[in-house]
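Overview (structure and organization)
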Amino acid sequence: MKRTTQRRLEATYQTQLSSNLGAPRLETLLPDRHVTDKLVALYFSTFESTFRILHVPQFLAEYEEFWSSGASASPNLWSRDVFAAKLLSLMACAADGITTETDTQVSNQTTKGWIQAVGSWVKTVTTYAKLDLDFIQVMCLLLIAKQAIAYEGDLAWLAAGSLVREAMMIGLHRDPVNFKSVAPFHAELRRRLWATIVELDLQAALDTGVPAGISEDDYDCAPPSNLDDEDFTVSSTEIPASKPASAFTRTSLQVSLAQTLGPRIRIIKIVNQVRLSSNYQEILDLSHVITAHLSQSPFAIINNPDDEAPSKFQQSLYLFLIYRYLLALHRPFVLSLAETRNEMYRYSREICVKACLSLLSPLTMAPGSEIPVYPHILRLRGGMFRSEIFHAAATLCFELRLQVKDNKLPLLPGSVADTDQNNNKSELLLRVVESAIKYFEFKVRTEKQACKAFMLLNMVYTSAQSEILSASDRSQANSAMISDLTLENACPRAARRCQELLLEGEGKADCQHSEENWLGYPGNPFLVRELLTGGRCIHTSLLILTYAE
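Just so you know, these numbers come straight off a predicted model, no measurement behind them.

So, on to the packing of helix α7 (residues 133–148) against helix α9 (residues 184–208). Between α7 and α9, whose axes approach to 11 Å, the crossing angle comes to 30°. Here α7 is positioned roughly parallel relative to α9, judged by the angle of their axes. When the axes of α7 and α9 are compared, the crossing they make is left-handed. Side by side, α7 and α9 meet where Leu-133, Ile-136, Gln-137, Cys-140, Leu-143 and Ile-144 of the first sit next to His-186, Leu-189, Arg-190, Leu-193, Ile-197 and Leu-200 of the second. Here the residues of the contact of α7 with α9 sort into nine nonpolar, two polar and one charged.

In structure tokens, the structure reads:
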């Protein structure tokens, strides 16, 4: 029955190709072999460690066969086009990771061309063919690629919702034990794919500020096993027992993320609902679940130093995906603290500061480096990766202003004066925000994007500096410097610097619709000032007024 269906699908696809002879085949868009080798290796060392989509040994075997046999040697054009779609999509995910002078550069325009070609191919495929594991893999890779290079990344929630429904149509939401005919290999692959699809849907919902397309009651698929891909093959009659959490495998990060899916689904429901009905204790309970889980993360419990450990990218991406939920959960209460000075929310303030410092830690440049070389994760530009760096830096500026207004207890008679820890902390926050400003300056100069982020961050940073200087000893403070640190002066200064950066280099400004509106999306926590009372978003200018006197 299955072979008959496959032959029917191949015949239908051959007919479609015959009626569309003018369209180029996907494999004609592939670059030289040495370029694809680098991009494939880079993808497997980055995204595939967290978003498990492919079985690495199986894919590499198909990869070698694909290159060794030409299109004329294989009559199964459907299989070749499906594999070419996977290959182009995963290369698009990793294209921004090649940056050194010795590596072959892949232009952003070329990467967008790959995504457009795969997207066009997807539209030509029949609906029945889309209900297939291979096709689901293509869609997952395409969704990540669009967010990695900021190509229609703002529409990730729509694509993720469609992907959830297509996955449910083929039963990925049900645990494979419910289907006796599913082989052990495909059962484990289905679990991995489902965990990836739910993760992508939740991240897209958090980014856009709208409900997730899935709830805890909608699926019973078990989490994937903590196994390396080499531990099982297509011919395996059974899947080995899952390895302990202390053993790091290719799937450890996904397994760890899957263990928090329930709490994070509830967080999405709380922060994105129209009317806030949760009390602060529920916020704290969810937060404690997430922070407790972080202490058991794969890179925190590896016992054997000789074992393979997560790379910096893998660790940064894992923490990025987790900390976004803590910030979305607590940031509204930090804003409330500023307005009411309610000390009950001090825990939210501490959590936000620590999470922001962790998110911004990759901004640190290598010692002695004059030219910024930022990690791969900081070169991801769209969807979930679009604005979290800006929000984290702006939150630290907000914290600097709160520190100035903190009530400090005077030293009691006979006590020993200790070091001013608050000033030391302020200096640390100022340095981190300065690193973020340099990062956005680099993006404006090289990519001709992120102008709004650069200008707004300059202004909120100036406001924080002014607040700190104004609160210091007047006899030592520079009055002229204080008067210069105003929003009236900071705005034109930032605009002039932005213009200079745009004119530098040979690149051309690429003003996209998504760039024009990135600060106004519904999920922006700085715009949801009325979240606690169930209000609607307000104008972007309130972000600046929040920091102004």
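In the structure shown here, the tally under the stated rule is 17 aromatic pairs. Where Phe-47 meets Phe-385, the ring centres are 6.5 Å apart and the plane angle is 65°; that geometry is what we call edge-to-face. Placement of the pair is Phe-47 in the loop between α2 (33–44) and α3 (56–68) and Phe-385 in the loop between α15 (346–360) and α16 (388–405), with a sequence separation of 338 residues. Clustering of aromatic rings is evident, with ring pairs tying together Tyr-43, Phe-44, Phe-59, Tyr-63, Phe-66, Trp-67 and Phe-83. In this structure, Arg-80 packs its charged tip against the face of Phe-66, placed 4.3 Å from the ring centre. Taking NZ or CZ as reference, Arg-264 lies 5.0 Å from the ring centre of Tyr-325, over its face.

Right, let's get into the side chain of Arg-324. Here Arg-324 lies in helix α14 (residues 312–340). On the basis of relative accessibility, which here comes to 3%, the residue Arg-324 falls in the buried class. Separated by 2.6 Å, the side chains of Arg-324 and Gln-203 make a polar contact. Residue contacts for Arg-324: discarding those within four places in its chain leaves Gln-203, Leu-206, Asp-207, Met-384 and Glu-388.

A few words now on the nonpolar core. Among the nonpolar cores identified, the biggest contains 153 residues, and Tyr-43, Phe-47, Phe-59, Trp-121, Leu-172, Phe-440 and Leu-457 are the most heavily contacted of them. Top contributing element to this core by residue count: α14, with 17 residues. Excluding its chain neighbours within four sequence positions, the residues that come into contact with Tyr-43 are Glu-48, Phe-51, Ile-53, Leu-54, Leu-90, Cys-93, Ala-94 and Leu-141.

As a further point, take the environment of Leu-457. For Leu-457, the location among the structural elements is in helix α18 (residues 451–471). Distance in space between the C-alpha atoms of Leu-457 and His-391 is 9.1 Å, their sequence separation being 66 residues. With near-sequence residues (within four places) excluded, Leu-457 lies in contact with Phe-390, Ala-393, Ala-394, Cys-397, Val-433, Ala-436, Ile-437 and Phe-440.

Our focus in this paragraph is the pattern of salt bridges. Tallying each qualifying case throughout the model produces 28 salt bridges. When the shortest N-O distance is used, the salt bridge between Arg-174 and Asp-220 registers 3.0 Å. Here the residue Arg-174 occupies a position in the loop between α8 (156–169) and α9, and Asp-220 occupies one in the loop between α9 and α10 (252–258), the gap between them amounting to 46 residues. Note that Asp-207 is salt-bridged to Arg-324, the shortest N-O span being 3.6 Å. With a gap of 117 residues between them, Asp-207 in helix α9 and Arg-324 in helix α14 connect regions that are remote in the sequence. The pair formed by Asp-207 and Arg-324 is uniform in burial state, with each residue classed as buried. One network of salt bridges, with partners in common, ties together Glu-441, Arg-445, Arg-497, Glu-500 and Glu-504.

This next bit is on unusual backbone geometry. Phi is positive for Ala-150, which is not a glycine, with a value near 60°. Within the secondary structure layout, Ala-150 lies in the loop between α7 and α8. Residue classification places Ala-150 among the buried positions, given a relative accessible area of 15%. Backbone geometry at Lys-448 places phi at a positive 60°, although glycine is not the residue there. By secondary structure assignment, the location of Lys-448 is in the loop between α17 (421–447) and α18.

A few words on α3. Between the first and last C-alpha of α3 there are 18 Å, a value that for 13 residues agrees with the 18 Å anticipated at 1.5 Å per step. For α3, the set of buried residues is Val-56, Phe-59, Tyr-63 and Phe-66. Each buried residue of α3 sits inside an arc of 85° when the element is viewed along its axis, so together they form one side. Facing away from the buried surface of α3 by more than 90 degrees, the exposed residues are Glu-65 and Ser-68. Looking at the packing, one finds that the buried side of α3 touches α2 and α4 (77–94).

Moving on to α8. Look at α8: 20 Å from first C-alpha to last across 14 residues, which is about the 20 Å you get at 1.5 Å a residue. For α8, the full list of buried residues reads Ala-156, Ala-160, Gly-161, Leu-163, Val-164, Glu-166 and Ala-167. Remark: Gly-171 follows α8 within two positions and exhibits a positive phi of approximately 80°.

Cut-offs and rules
Residues numbered from 1 in each chain as written. Predicted model: local features only at pLDDT ≥ 70, side-chain atom pairs only at ≥ 80, totals over all residues. Heavy atoms only, no water. Axes fitted to C-alpha atoms, helices over the stretch in contact; angles between N-to-C directions. Helix = DSSP H or I, 4+ residues; strand = E, 2+ residues; numbered from the N terminus. Parallel < 35°, antiparallel > 145°, perpendicular 65-115°, else oblique. Left-handed = near helix turned anticlockwise from the far one by under 90°. Contact = heavy atoms within 4.5 Å. Nonpolar A, V, L, I, M, F, W, Y, C, P; charged D, E, K, R; others polar. Phe/Tyr/Trp six-rings, centres within 6.5 Å; stacked < 30°, edge-to-face > 60°. Lys NZ or Arg CZ within 6 Å of the ring centre and 35° of its normal. Buried < 20%, exposed > 50% of the residue type's maximum accessible area, 1.4 Å probe, protein only. Polar contact = N/O pair within 3.5 Å; in protein donor to acceptor, adjacent residues only side chain to side chain. Core = buried A, V, L, I, M, F, W, Y, C linked by side-chain atoms within 4.5 Å. Salt bridge = Lys/Arg side-chain N within 4 Å of Asp/Glu carboxyl O. Expected span 1.5 Å × (residues − 1). Arc of directions from axis to C-beta.

In short, shape yes, function no, at least from these values alone.
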